[in-house]
Every structure is written in structure tokens, then in C-alpha cells.
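The lines below spell out each chain.
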Amino acid sequence: MTDGIARATPAINPPRARKPDWIRVKAPNSTGFAETKALMRRLNLATVCEEAACPNIGECWTKKHATVMILGDVCTRACAFCNVKTGMPRMVDPLEPQHTADAAAELGLQHIVITSVDRDDLPDGGASQFVKVIEALRRTTPDTTIEILTPDFRNKAQAAVEAIVTARPDVYNHNLETVPRLYPTIRPGARYYASLRLLESVKRHDPTIFTKSGVMMGLGEQRLEVHQVMDDMRSADVDFLTMGQYLQPTPRHAKVEDFVTPQAFDAYAAIARAKGFLLVASSPLTRSSYHAGEDFARLRAAREQKLGRVRT
């Protein structure tokens, strides 16, 4: 990538690149933040907000929005971009589904995002826990719309997707994360085309469920490679694309190759909209669950508008 990018100066064993002004955020210190954190601790729930060191945690938790990470806080994979702990996970918590629903009720969530670690150790990859969480939410907070962000369920995807789609989340998200060329170094435990097939299969099983996927920018991807990922997503009938800046969580993780400017993100968004996505969120601070409730309302409105045009 060349246009619209501020590049870090090469160095031998360089320190982490200094963040540009457009992705700096204030430290969280509000009452709402403290109350959200206390609730998550009381219900023994992990959040991707904390485990993945999300830069938006202060804003979201202040508004009492949190993304619950089910199946524990230890992942069986070791992706080069991810801050979640790697190792042998604990047993699945049978109380987690109801605790998640209780959290949604106490926070008054109109829309909730549920994600998870990879659980390659489980026979179903953890799909049954997603189903139980969806069912608990439907019982406890029936008016809350549900968005799930799942792993790829390696070698178990067909049965996993069938089970989860039958439980009928409102949005099924699975992130491609980066361009195919970078998978061996950035996402070595996954396969790009397997993730695309997973997204395809959601629509095949239930075309009414919104599908969503995202990519991180700044890992060394080229502009035309990003355009090809957009085309691949549209071929899989993905409705909603998110694009955000990758931030290196620790010196052990993959380094930031580029800080992509807000103007470049806007240009990518324009191209993505022209390719036919119902909705595009593209900015340095965009993350999969950032402003997810507002985006879901826009997504639903965009589909209704599109269907109205088709009918007329």
C-alpha cells in the first residue's frame, strides 16, 4: 500500500510504532466503565474488550456496552495479531449462557455481540455453547437482537454452522482478518477459503440471517489484495464489511507495517459500497463489535430499502 499511509521509519529491532493522533483514545475512568467491569466480574464473564485490548473499551463500557467472550479466556490457537492467552482451556462453564443473558438484562442491551476463543479441543468446537447462549438470551431478554462472532470451527464447520443457524442469531459474523497471502504468518491455524466457505454456508442454510466479516489493515496488505477480499466476500454474499487499523498488542505480536489514514479508510469504504455490501464500517478505530447496535439498525434499514427497490 502506498497512498494515504504514514510509514514507520525502518530500524533494527524497532520499538512499537508510535500511534498517530487519529487513533489515540482517552484512558477509561468513568462510573459507567467501573460498573460494567464490576458486573462482568460478578457474573464470571470474560470480554473480548479486555482480552483483546480493544482501544474502544472506555467509550463502550461507559455506555454499558460489552462484548462477551464465551468458552473461557484461553484460546487453543496462537494467531500473530491476537492478545488473547494461548494454552489449554478450562472446562466449559455450564452457567455461562445464563450469566450472559443476565448481563444483557442488567445492562439493558438492545443488541448484544457474543464471541469466543477458539476451542479446537472440543468435539463441536464450542458450537453448542453458542446455541445455549442464544437460547438463554431469547428466554431472558427476548427483545435483544443477537450478533455472534464465531471462530472457524476447524474441521467441524458444517455441523457447527447448521446448529448455530438453527438457533437463529440476527447476525452471523466471522472475520477473514487479512488477505490470503498473509495467512501463514498472521493466522497460521486457519485457512482463508475455509472461512469463506463458512460464511457462504450460513447464507445457504438461512438467507435471512445477516452475515458480516472484517479485515485488519496495516499488516502489509496491498490495495488490490484488499479489493480481492471484498470481491470474495461479495461472492459469499456477505452483507456487512468492517475494516479497522491493526494495533500491535505486545512486542511479541506481528508489528504494524502501516498506519492507514482516515482518508484511505474512507476510500476503501467507497469501493466496498460500490461492490454491493449493504453496510460498510471503515475507520482506524472500527472493530467488529464497535457501535454494533447502531450498525444493526442501519443494516436492517438498508435491506428493507433494497427489497423495496426490487419490489418496485
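Scroll up a little and you will see the structure.
Every value quoted in this text rests on a predicted model; they were computed, and no experiment measured them.

The rules behind these values
Residues numbered from 1 in each chain as written. Predicted model: local features only at pLDDT ≥ 70, side-chain atom pairs only at ≥ 80, totals over all residues. Heavy atoms only, no water. Helix = DSSP H or I, 4+ residues; strand = E, 2+ residues; numbered from the N terminus. Buried < 20%, exposed > 50% of the residue type's maximum accessible area, 1.4 Å probe, protein only. Contact = heavy atoms within 4.5 Å. Expected span 1.5 Å × (residues − 1). Pairing = 2+ DSSP bridges. Phe/Tyr/Trp six-rings, centres within 6.5 Å; stacked < 30°, edge-to-face > 60°. Lys NZ or Arg CZ within 6 Å of the ring centre and 35° of its normal. Axes fitted to C-alpha atoms, helices over the stretch in contact; angles between N-to-C directions. Parallel < 35°, antiparallel > 145°, perpendicular 65-115°, else oblique. Left-handed = near helix turned anticlockwise from the far one by under 90°. Core = buried A, V, L, I, M, F, W, Y, C linked by side-chain atoms within 4.5 Å.

Student: Honestly, the side chain of Thr 145 in this entry has me stumped. Any pointers?
Tutor: Within the element layout of this structure, Thr 145 appears in strand 7 (residues 145-149). You can call Thr 145 buried: its relative accessible area is 12%. With residues near it in sequence (within four places) discarded, Thr 145 still touches Gln 110, His 111, Ile 112, Asp 170, Phe 296 and Arg 300.

Student: I would appreciate a short explanation of helix 4 (residues 96-107) in the present structure.
Tutor: What sets the pattern is the α-helix's 3.6 residues per turn: residues three or four places apart point alike. Here helix 4 is 12 residues long and its end C-alpha atoms lie 16 Å apart, about the 16 Å a rise of 1.5 Å per residue gives. Buried-residue contacts for helix 4 involve helix 1 (31-42), strand 3 (68-70), strand 6 (111-116) and helix 5 (127-140). Where helix 4 terminates, the next one or two residues include Gly 108, which has phi positive at roughly 70°.

Student: Which parts of the structure should I look at to understand the pairing of strand 6?
Tutor: Most of strand 6 sits inside the fold, with six of its six residues counted as buried. In strand 6, alternate side chains face the same way, and those of His 111, Val 113 and Thr 115 on one face and Ile 112, Ile 114 and Ser 116 on the other are all buried. In this sheet, strand 6 lies alongside strand 3 in parallel orientation, the contact comprising three bridges. Bridge pairing links Ile 70 to Ser 116 in strand 6. When strand 6 meets strand 7, the two strands line up parallel, connected through five bridges.

Student: Explain the side chain of Thr 141 to me, please; I cannot follow it from the model alone.
Tutor: By the secondary structure assignment, Thr 141 is in the loop between helix 5 and strand 7. For Thr 141, a relative accessible area of 11% gives the class buried.

Student: Mind showing me how you'd approach the packing of aromatic side chains here?
Tutor: To describe a pair of aromatic rings, one takes the distance between the centres and the angle between the planes. Throughout the structure, instances matching the rule amount to four aromatic pairs. When the centroid spacing of 4.9 Å and the interplanar angle of 90° are considered together, the rings of Tyr 192 and Tyr 193 count as edge-to-face. Consider the rings of Phe 210 and Phe 296, whose centres lie 5.9 Å apart with planes at 90°: the pair is edge-to-face. With a gap of 86 residues between them, Phe 210 in strand 9 (residues 210-217) and Phe 296 in helix 11 (residues 292-311) connect regions that are remote in the sequence. Aromatic ring contacts, followed pair by pair, group Tyr 183, Tyr 192 and Tyr 193 into a single cluster. Its end group placed over the ring of Phe 277, Arg 234 keeps NZ or CZ at 5.5 Å from the ring centre. Above the plane of the ring of Phe 210 lies Arg 303, whose end atom (NZ or CZ) is 3.7 Å from the centre.

Student: Help me out: how do you make sense of the packing of helix 6 (residues 157-166) against helix 8 (residues 192-205) in this one?
Tutor: Relative to each other, helix 6 and helix 8 sit at 45°, their axes nearing to 10 Å. Relative to helix 8, the element helix 6 lies oblique. Like other packed secondary-structure pairs, helix 6 and helix 8 cross with a definite hand, here right-handed. Facing helix 6, whose interface residues are Ala 157, Val 161, Glu 162 and Val 165, helix 8 presents Leu 198, Ser 201, Val 202 and His 205.

Student: Could you clarify how one ought to interpret the packing of helix 4 against helix 5 in this entry?
Tutor: Angle between the axes and distance between the axes are the two parameters that describe a pair of packed helices. The interhelical angle for the contact between helix 4 and helix 5, taken along N-to-C directions, is 40°, at an axis separation of 8 Å. As far as their axial angle goes, helix 5 and helix 4 are oblique. Here helix 4 and helix 5 pass one another in a crossing that is right-handed. Of the residues in helix 5, those in contact with Glu 96, Pro 97, Gln 98, Thr 100, Ala 101, Asp 102, Ala 104 and Ala 105 of helix 4 are Gln 129, Lys 132, Val 133, Ala 136, Leu 137, Arg 139 and Thr 140.

Student: Got a minute to help me understand the nonpolar core in this structure?
Tutor: Side chains that are nonpolar tend, in soluble globular proteins, to be buried together. Residues Ile 114, Phe 130, Leu 137, Ile 148, Phe 153, Ile 164 and Tyr 172 are the most contacted members of the largest nonpolar core, which totals 40 residues. Looking at this core, the elements that each hand over two or more residues are helix 1, strand 3, helix 4, strand 6, helix 5, strand 7, helix 6 and helix 8. Of all the elements, helix 5 adds the most residues to this core, at seven residues. When near neighbours in sequence (up to four residues on either side) are disregarded, Phe 130 contacts Ile 70, Leu 71, Ile 114, Thr 115, Ser 116, Ile 148, Leu 149, Thr 150, Pro 151, Phe 153 and Ile 164.

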